[in-house]
Amino acid sequence: MNPKGKTRLKNIGLYVCIILILLVYLFPIMWQISTSLKESKEVFSDYNFIPKKITWENYRVAWTQFNVKRYLFNTIVVSFAITCGTLVFCSMAGYAYGQLNFPGKNILFFLFLSTLMVPVTVTLIPAYIIILTFNWGDTYWGLIMPYFFGSALGTFLMRQFYMSIPKDLSEAATIDGAGYLQIWWSIMLPMSKPALMTLGVMTLVLHWNNLIWPLVITHSPQLKVLAVGLSDFRLYRTIQWNSMMAAVMIATAPMLIILMTAQRFFIKGIQLQGVSR
Amino acid sequence: MALYQMELKKPHRMRGIKKISGCQRRREWVAGYLFILPNFIGFLTFMALPILATIAISFTEWDLISPPKWVGFANYQNLFRERVFWISLKNTIWFTILNVPIQSFLALFFAVLLNKKLKALTLFRTLFLFPWVCMAVAIGLTWMWLFNTQFGVINYFLRKIGFSGVNWLTSTNTALYSVLIVNIWQYLGWHIVLLLAALQTVPEELYEAARVDGANGWQIFWKVTFPLISPIFFYDLVVNMILTFQIFDLPFTMTGGGPGHATRLFNLYLYQKGFLYLQMGHACTMGVILFIIIIIATYLMFRFMGRKINYLTS
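The structure displayed is predicted, hence computed values, not measured ones. (Residues numbered from 1 in each chain as written. Chains lettered and ligands numbered in written order. Predicted model: local features only at pLDDT ≥ 70, side-chain atom pairs only at ≥ 80, totals over all residues.)

## With respect to the overall build of chain B
Phase 1 of the analysis: When you go through chain B residue by residue, the secondary structure sums to 15 helices and 2 strands.
Phase 2 of the analysis: The C-alpha radius of gyration computed for chain B amounts to 26 Å, which surpasses the reference 20 Å derived for 314 residues by more than 25%, pointing to a less compact arrangement than a globule.
Phase 3 of the analysis: Its C-alpha atoms put chain B at 75 × 65 × 40 Å along the principal axes.
Phase 4 of the analysis: Relative to its full complement of 314 residues, chain B shows a buried share of 40%.
Phase 5 of the analysis: Taking all contacts inside chain B whose residues are at least 6 apart in sequence as the whole, residues at least 24 apart take part in 71%. (Helix = DSSP H or I, 4+ residues; strand = E, 2+ residues; numbered from the N terminus. Rg over C-alpha atoms; globule rule 2.2 N^0.38 Å. Buried ≥ 20, exposed ≤ 12 C-beta atoms within 10 Å, placed from the backbone. Contact = placed C-beta atoms within 7 Å.)

Next up, the structure:
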């Protein structure tokens, strides 16, 4: 066989191999989809991958009876609010650390960055008490505020980005009479769209999926986010697995769609975390 | 971008006024502080202050209702005498020791497999990230269904090929490993993407050169590829260790720590101490201990592995 045909054959082999691995790897998610479309009597009797009769009833049950509707609304409000705050405040701070000069800049930045290693549970209880003293226990404020001002990782990512922009640019604008706020808003922000997208999708996923903080800070059913609402099912004696899987689908599908449409920003975000340190 | 190019065209104009007056410098200082202010307020209120407060609360007895009572090191002494504390610590260390190498080396294997010029690489990478982007709670519920002793599809397959079903989550012998499987599965894609990025930085010529010298695939990997990506692989191991120590969502959803104390992992027990038994002092003490353990483990990894990495890359 000629070498070209050989590499071609090798490539086909590789493709088959990867697709088989992916089928096994993604089987749990496929089974979850399958179960969510089955009728109750089929769930416990057959192990067909394709349901005999596809039913959307489970989604209706999850949506209304399990109150996933409300959980989804809360999750959207909270995770989008946090993402907006993070984008604004991290890019502001990143701009200052990356472009401006002021005394104590490096000390402040590394003090801030050093908190990346601190486990969530170390700050959990005092943060809970702080929120209670603000009277924000069991409110949207309590869910949003601790993360609203941005994260260490986000500030770090934005700083790295702004450091790569030549300083001449903003200096020229200063001479032309632009204030710093104006430079940040009309020059820096438009230029940093890719970095903001990366930070945005990473933050959104993180807080969409966050469990421990909402679990601690909210009690009333109307304020539960998806993670908390779904974790309540652990308390049930008998679980309607098909409706359960439908609820799981509703909770995870938005993030899967965002992953598929913005995959290059996710890849960038993961790579940056590895390469930049 | 147009603006950017435009500005670059007139450096002559800037060179003339490069000297920034003291007034202007002070203006820049003020602007700098104002720009970091919101970020820094968040940091002080929800990070710096809580870290200090946790240390302080760890020396008190506090149930949130009556005022905290100073007890010195009593919380630390009591915890060290407590059986469940040691069980949770042992579970967590064992879980981490198994999770980190299995996950990272498995990811390395898949990353190498994917590191070919494939047209569908983007799609494959995205598909591998699917479980990572789903909430751990949902993943936990899905696997509870798969692991179901009576009706779960895994036991169905096992029975079909002649084994008997396993009590995945309901037996003290297997529950921790069941959670481990799910954890490895969920975050594998993240590590694959990270390591794949590292592999793609290795220049093609190095492979060519090694091949000309007569090295086989295995030799090329361990002598050329691995040393070059070892800094990122090492970073991956450290981050993986730090994150695995903190695992909470999966055991909370899937087992709640049971059966018995089989899956009572450190952070789960901390949460239960604080918000189930309202022993804030104990919970904060556990937080401090967790932090110290992570710092020590990170230090040890840098001490014993970091040196080898430098040797490999230089």
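## Quick notes on helix α12 (residues 193–209) of chain A
Phase 1 of the analysis: Between its terminal C-alpha atoms α12(A) stretches 24 Å, which fits the 24 Å expected from 17 residues at 1.5 Å a residue.
Phase 2 of the analysis: For α12(A), the buried fraction is high: 13 of the 17 residues fall into the buried class. (Expected span 1.5 Å × (residues − 1).)

## So, unusual backbone geometry
Negative phi is the rule for most residues except glycine; trans is the rule for most peptide bonds.
Phase 1 of the analysis: Phi angles above zero are rare outside glycine, and A:Asn135 is one such case at about 65 degrees.
Phase 2 of the analysis: Here A:Asn135 lies in the loop between α7 (120–133) and α8 (140–148).
Phase 3 of the analysis: The exposed category is assigned to A:Asn135, around which 10 C-beta atoms lie within 10 Å.
Phase 4 of the analysis: Residues other than glycine seldom take positive phi values, yet B:Leu64 does so here, at roughly 75 degrees.
Phase 5 of the analysis: Considering the arrangement of structural elements, one finds B:Leu64 in the loop between β1 (60–61) and β2 (69–70).

## So, the interface of chain A and chain B
Phase 1 of the analysis: The partner chain B presents 80 residues to the 80 residues of chain A that form the contact.
Phase 2 of the analysis: Per-element accounting of the side of chain A that touches chain B gives the leading share, 10 residues, to helix α15 (residues 241–261) of chain A.
Phase 3 of the analysis: Residues belonging to the side of chain A that touches chain B are distributed by class as follows: 61 nonpolar, 14 polar and 5 charged. (Nonpolar A, V, L, I, M, F, W, Y, C, P; charged D, E, K, R; others polar.)

## Concerning the nonpolar core
Phase 1 of the analysis: Counting 155 residues, the largest nonpolar core has A:Ala247, B:Met135 and B:Leu195 as the members making the most contacts within it.
Phase 2 of the analysis: Residue contacts for B:Leu195: discarding those within four places in its chain leaves B:Ala107, B:Leu108, B:Ala111, B:Ile229, B:Ile232, B:Phe233 and B:Asp236. (Core = buried A, V, L, I, M, F, W, Y, C linked by C-beta atoms within 7 Å.)

## Overview of the packing of helix α5 (residues 83–114) of chain B against helix α10 (residues 175–199) of chain B
The geometry of a pair of packed helices is captured by two quantities: the angle between their axes and the separation between those axes.
Residues and elements named next belong to chain B.
Phase 1 of the analysis: One can describe the packing of α5 onto α10 by two numbers: an axis separation of 7 Å at closest approach and a directional angle of 40 degrees. If you check the angle between α5 and α10, you find them oblique. Crossing handedness for the pair α5 and α10: right-handed.
Phase 2 of the analysis: Each residue belonging to the contact of α5 with α10 can be placed in one class, and the counts come to 19 nonpolar, 6 polar and no charged. (Axes fitted to C-alpha atoms, helices over the stretch in contact; angles between N-to-C directions. Parallel < 35°, antiparallel > 145°, perpendicular 65-115°, else oblique. Left-handed = near helix turned anticlockwise from the far one by under 90°.)

Everything listed is a geometric property; what it means functionally is a separate question.
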